[in-house]
Amino acid sequence: MAIVMAIGIVTQGVLLNYLGTQFFQHIFGKILSIINLSLWFAFILSLFIASLDGKFKDIHYSNRINRFGIGTWVAGTSISGILFYKQFFQWGFISVIIALINIVLWIFYIWVSVKTFIEICRTKSYRNVHGILLLTTVSTQSIVLLLNTVFKELPAIFNLSLLIIGFCFYLVCVFFILYRYIKDSWSIEMDWNNTNCIIHGALSISGIACLVTGIINIEIIRLIWRAAFIIFITVETIEVYRLFKRIKNFGFKNGIFIYDVTQWSRVFTFAMFYTFTSLIHTHLFIGSFVIDTILNVGVWVVMLLLMFELMLSFSDGIKTYKNSSREIVKENEVSSPF
């Protein structure tokens, strides 16, 4: 679902704001949307299969920290519901169904997350926490975006309540992450997680949610953007330093060209910050050298990240397929009586 989130925000956020509505409504925009919706449906199907096979708990729940990854299901479903509503408006009732189902999924996820936060505090198991916790904020604010797209008239108190819940989760998660890195010794090559970029991504989607609802003061939204920008620079500076350290210790191949599904969080967060900046520029008429540079250069950075991640995922898929084929051949040779 992290892939669905990333491609969804690149399509609905970055490309739409850079190329305009004509691109989005054109055949190319529709093809990208259909691809993303197909991926979403395929992942939903895989979740049902895992549940039927009795593997759901082992895969998605047993690991305390990985439980927070369920937030990608909520956010991925939100972006898919938005894409479906905007591309196939005549079937808008399906988006309404998706939204209602997603609310139930979000409630389940928040219950699991709060329960897990309590477990972490009780057992003092902060050692392995990282940016994945911030999917609580991302999922909550994605619900705000989905509901304000599908349902045009939402009570202000409802929107405000969800926004506050999202910001509260943000503060709690950042505290947990900072506590982990301040309290324990760690190495930047091995212990700085890809998902830590969600520290700025979660703030960006929160700012977008504030803009979309239209109930938050403009000055507050400007402050959120500035905070997101500062955190973006800070986190990505750490990432660059980490990159050089990994190249130095592991070489280019093992330091950079290793696929991990958590790397999609970088595409998602960069695209989310670009979208937030674009909306700030469009709706609030804020212009500056920094914002103009982000809007003109950022789109190409996001697209390069997306292409690089697709290349790594295809390469990893081919490698996995070849390894599986070899194992099947070996098993057949061993089981053959001749």
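Calculation criteria
- Residues numbered from 1 in each chain as written.
- Predicted model: local features only at pLDDT ≥ 70, side-chain atom pairs only at ≥ 80, totals over all residues.
- Heavy atoms only, no water.
- Phe/Tyr/Trp six-rings, centres within 6.5 Å; stacked < 30°, edge-to-face > 60°.
- Buried < 20%, exposed > 50% of the residue type's maximum accessible area, 1.4 Å probe, protein only.
- Lys NZ or Arg CZ within 6 Å of the ring centre and 35° of its normal.
- Helix = DSSP H or I, 4+ residues; strand = E, 2+ residues; numbered from the N terminus.
- Patch = residues over 30% accessible without salt bridge, like charges linked within 9 Å, V, L, I, M, F, W, Y side chains within 5 Å.
- Areas by Shrake-Rupley, 256 points an atom, 1.4 Å probe, with all protein chains shown as cover.
- Salt bridge = Lys/Arg side-chain N within 4 Å of Asp/Glu carboxyl O.
- Axes fitted to C-alpha atoms, helices over the stretch in contact; angles between N-to-C directions.
- Parallel < 35°, antiparallel > 145°, perpendicular 65-115°, else oblique.
- Left-handed = near helix turned anticlockwise from the far one by under 90°.
- Contact = heavy atoms within 4.5 Å.
- Nonpolar A, V, L, I, M, F, W, Y, C, P; charged D, E, K, R; others polar.
- Expected span 1.5 Å × (residues − 1).
- Bend = angle between axes of the 7 residues up to and from the residue.
- Core = buried A, V, L, I, M, F, W, Y, C linked by side-chain atoms within 4.5 Å.
- Polar contact = N/O pair within 3.5 Å; in protein donor to acceptor, adjacent residues only side chain to side chain.

Trainee: Give me the packing of aromatic side chains: which residues, what numbers.
Mentor: According to the stated counting rule, one finds 19 aromatic pairs in the structure shown. With 6.1 Å between their ring centres and 20° between their planes, F88 and W91 make a pair best called stacked. When its relative accessible area of 44% is taken as the criterion, W91 is described as partly exposed. Considering the side-chain rings of Y181 and W186, the 4.6 Å spacing of their centres and the 65° angle between planes classify their relative orientation as edge-to-face. Assessed through its relative accessible area of 10%, Y181 is described here as buried. For W186, a relative accessible area of 34% corresponds to the partly exposed category. We note K30 situated over the ring of F88; from NZ or CZ to the ring centre the distance is 5.7 Å.

Trainee: Describe unusual backbone geometry, listing the residues and the values that go with them.
Mentor: If you check the backbone angles, K124 has positive phi at about 55° while not being a glycine. Among the secondary structure elements, K124 is positioned in the loop between α6 (92-123) and α7 (135-150).

Trainee: Can you tell me about a nonpolar patch on the surface, naming the residues and giving the values?
Mentor: Residues I157, F158, L160, I164 and I215 make up a contiguous nonpolar surface patch of about 420 Å² in total accessible area. You can see I164 is positioned in helix α8 (residues 156-183). Owing to a relative accessible area of 45%, I164 belongs among the partly exposed residues under this scheme.

Trainee: Can you lay out the packing of α8 against helix α10 (residues 198-213) for me, pointing to particular residues and giving the numbers?
Mentor: At their nearest, the axes of α8 and α10 sit 11 Å apart, and the two run at 170° to each other. Judged on the interaxial angle alone, α10 and α8 are roughly antiparallel. Handedness of the crossing formed by α8 with α10: left-handed. On α10, the residues that touch N159, L163, F167, Y170 and I177 of α8 are I199, A202, L203, S206, A209, C210 and T213. Taken together, the residues of the contact of α8 with α10 sort by class into nine nonpolar, three polar and no charged.

Trainee: Just give me the short version of helix α1 (residues 2-19), but keep the residues and values in it.
Mentor: Its 18 residues place the ends of α1 24 Å apart at the C-alpha level, agreeing with the 26 Å of an ideal helix rising 1.5 Å per residue. Its maximal kink placed at V10, α1 deviates by approximately 35°. Of the residues flanking the end of α1, it is G20, one or two places downstream, whose phi is positive at about 95°.

Trainee: Outline the side chain of T277, listing residues and values.
Mentor: For T277, the location among the structural elements is in helix α12 (residues 264-284). Look at T277 and you get buried, because its relative accessible area is 0%. Setting aside chain neighbours within four positions, we find T277 in contact with W225, I291, I294 and L295.

Trainee: Before we move on, could you go through the nonpolar core and cite the residues and values that matter?
Mentor: Counting residues in each nonpolar core, the largest one holds 92 residues, and the members touching the most others are L133, L134, V138, W264 and F276. The contacts of W264, once residues within four sequence positions are left out, are A2, I3, A6, I7, Y259, L306, E309, L310 and S313.

Trainee: Help me get a handle on the pattern of salt bridges, residues and values and all.
Mentor: On inspection of all chains with the given rule, the structure shows six salt bridges. Notably, a salt bridge pairs R242 with E239, separated by 3.3 Å at the nearest N-O pair. With R242 and E239 both in helix α11 (residues 218-255) and three residues apart, this pair spans about one turn of that helix. On the basis of relative accessibility, which here comes to 11%, the residue R242 falls in the buried class. Residue class for E239 comes out buried when judged on its relative accessible area of 7%. The closest approach of N and O atoms between R266 and E239, which form a salt bridge, is 3.2 Å. Here the residue R266 occupies a position in helix α12, and E239 occupies one in helix α11, the gap between them amounting to 27 residues. We note that R266, like E239, is buried. Here the salt bridges do not stand alone but share partners, grouping R64, R67 and E119 into one network.

Trainee: Before we move on, could you go through the environment of H281 and cite the residues and values that matter?
Mentor: Inspection of the secondary structure assignment puts H281 in helix α12. Overall, H281 belongs to the partly exposed group, its relative accessible area being 30%. With 117 residues separating them along the chain, H281 and I164 place their C-alpha atoms 24 Å apart.

Trainee: Account for the side chain of E119, with residues named and values stated.
Mentor: Examined against the element boundaries, E119 turns out to sit in helix α6. Residue classification places E119 among the buried residues on the basis of a relative accessible area of 11%. At 3.2 Å, the side chain of E119 and the side chain of R64 are in polar contact. Not counting residues within four places of it along the chain, the set of residues in contact with E119 comprises R64 and R67.

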